[in-house]
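Residues per chain, in single letters:
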Amino acid sequence: MGVRGERVVVIGGTAGIGLAVAEAAGREGARVVVASRRRESVDAALERLPQDAEGRVLDAGDESAVRDFFAGLGGYDHLVYTAGEALLLESVAESDLGRARGFLETRLWGAYMAVKYGAGSIREGGSVVLTTGTAGRRPLPGTSVAAALCGAMESLTRALALELAPLRVNAVAPGVVRTRLWRELGEEERAGLFDSVAGSLPVGRIGEPADVAEAYLYLLRGGYSTGSTVVVDGGTVLV
């Protein structure tokens, strides 16, 4: 089973892992729709995708915008949700609750709204793939908000798999991947983190978006997988 000829919607599909998923699906013959907040990001992504790809501007944290997006989208086969702001890394004592709530707004509630308004247009045999991370399984100091998000996303995935059956709902949990999500760190600090993590992992390097995209494609194809979280982390949870 493949995605050739199927319509795949990737919210957050204009950069990083989301764009890598859209590119991989496009190479396999899927008709891809990418959506993100900024028009310039959408246009840049379309330059890298097949000519039949579609691009839409969407604020994934705006309920009315999400509702209207799906109302005008028509039928499709798979929904992939990778949207999110830069990672929030701060201690509980120094945390800004407004920033913490904002971090969850797009990543958790945006995903929830996408499923709420988008699931009804997914054709028979289709699926939803959400995005979580390894912080819920192996948290570090300063990752309390990210860990809370990851735990919530895995639980949400399992609950939706039951509630929306036979629609399949799964998630991917990336480890440290070289994307703009780490842009809150300075260049030197970011390079040091990547080097440190790479040296600690069994695979000897950090992930690239294309590495993780393979897991999303597997879940789009895999008709017997639902309620599952596929971890793609280079061995992070082992060390």
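Coordinates for the structure precede this section.
Residues numbered from 1 in each chain as written. Predicted model: local features only at pLDDT ≥ 70, side-chain atom pairs only at ≥ 80, totals over all residues. Heavy atoms only, no water.

(A) Quick peek at the nonpolar core. Core analysis: the largest hydrophobic core is formed by 35 residues, its most contacted members being Ile-11, Phe-70, Leu-79 and Leu-130. Broken down by secondary-structure element, the contributors of at least two residues to this core are strand E1 (7–11), strand E2 (31–36), helix H3 (63–71), strand E4 (76–81), helix H4 (97–118), strand E5 (122–131), helix H5 (144–163) and strand E6 (168–174). When residues in this core are grouped by element, the largest group, seven residues, is from H4. If we ignore the near neighbours within four places in the chain, the residues touching Phe-70 are Ile-11, Tyr-76, Leu-79, Ala-114, Tyr-117, Gly-118 and Ser-121. (Core = buried A, V, L, I, M, F, W, Y, C linked by side-chain atoms within 4.5 Å. Buried < 20%, exposed > 50% of the residue type's maximum accessible area, 1.4 Å probe, protein only. Helix = DSSP H or I, 4+ residues; strand = E, 2+ residues; numbered from the N terminus. Contact = heavy atoms within 4.5 Å.)

(B) Geometry of a nonpolar patch on the surface. On the surface, Val-237, Leu-238 and Val-239 cluster together into a nonpolar patch covering about 270 Å² of accessible area. As for its placement among the helices and strands, Val-237 is situated in the segment after strand E7 (229–232). When its relative accessible area of 38% is taken as the criterion, Val-237 is described as partly exposed. (Patch = residues over 30% accessible without salt bridge, like charges linked within 9 Å, V, L, I, M, F, W, Y side chains within 5 Å. Areas by Shrake-Rupley, 256 points an atom, 1.4 Å probe, with all protein chains shown as cover. Salt bridge = Lys/Arg side-chain N within 4 Å of Asp/Glu carboxyl O.)

(C) Spotlight on H5. For H5, spanning 20 residues, the distance from its first C-alpha to its last is 28 Å, which sits close to the expected 28 Å at 1.5 Å a residue. When H5 is considered as a whole, its buried residues turn out to be Val-145, Ala-146, Ala-147, Leu-149, Cys-150, Met-153, Glu-154, Leu-156, Thr-157, Leu-160 and Ala-161. (Expected span 1.5 Å × (residues − 1).)

(D) Spotlight on the pairing of E1. With five of five residues buried, E1 lies mostly within the body of the structure. Every second residue of E1 is oriented toward a common face, with Arg-7, Val-9 and Ile-11 on one face and Val-8 and Val-10 on the other, all of them buried. Pairing between E1 and E2: five bridges, direction parallel. Its bridge partner being in E2, Val-8 is matched across the sheet by Val-32. Regarding topology, helix H1 (residues 16–27) serves as the crossover connection from E1 to the parallel E2, and that connection is right-handed. In this structure, E1 lies alongside E4, joined through four bridges in parallel fashion. (Pairing = 2+ DSSP bridges. Right-handed = clockwise from strand over helix to strand, strands pointing away.)

(E) Structural detail: the side chain of Thr-106. For Thr-106, the location among the structural elements is in helix H4. Given a relative accessible area of 7%, Thr-106 falls into the buried group. The contact partners of Thr-106, leaving out residues within four places of it in the chain, are Arg-37, Ala-60, Tyr-81, Ala-83, Gly-84, Glu-85 and Ala-111.

(F) Fine view of unusual backbone geometry. Cis peptide bonds are those with omega within 30 degrees of zero, and the linkage from Ala-165 to Pro-166 qualifies with 10 degrees. Checked against the element boundaries, Pro-166 lands in the loop between H5 and E6.

(G) Layout of the sheet that holds E4. In spatial order, the strands read E3-E2-E1-E4-E5-E6-E7; together these seven strands make up an open sheet with parallel pairing. At either margin of the open sheet sits one strand with a lone partner, and together these are strand E3 (54–57) and E7. When strand polarity is set aside, the average angle formed by the axes of neighbouring strands in this sheet is 20 degrees. (Axes fitted to C-alpha atoms, helices over the stretch in contact; angles between N-to-C directions.)

(H) Fine view of the pairing of E5. In terms of burial, E5 is a largely internal element, seven of the 10 residues being buried. In this structure, E4 lies alongside E5, joined through four bridges in parallel fashion. Residue pairing across strands places Leu-79 opposite Val-128, the latter belonging to E5. Note: E5 against E6, five bridges, orientation parallel. For Thr-131, the partnering residue across the bridge sits in E6 and is Val-172.

(I) Structural context of the environment of Ala-45. Note that Ala-45 resides in helix H2 (residues 39–48). With a relative accessible area of 1%, Ala-45 lands in the buried category. For Ala-45 and Ala-114, which are 69 residues apart along the polypeptide, the C-alpha to C-alpha distance reads 21 Å. If we ignore the near neighbours within four places in the chain, the residues touching Ala-45 are Gly-13, Thr-14 and Leu-19.

(J) Structural view of the side chain of Asp-233. Looking at the secondary structure, you find Asp-233 in the segment after E7. Here Asp-233 sits buried without a salt bridge, and the closest side chain of opposite charge, Arg-137, lies 7.7 Å off (N-O distance). In terms of polar contacts, Asp-233 uses its side chain to reach the backbone amide nitrogen of Val-237, at 3.0 Å. With sequence-adjacent residues up to four places away left out, Asp-233 is seen in contact with Thr-134, Gly-175 and Leu-201. (Lys, Arg positive; Asp, Glu negative; His and termini not counted. Polar contact = N/O pair within 3.5 Å; in protein donor to acceptor, adjacent residues only side chain to side chain.)

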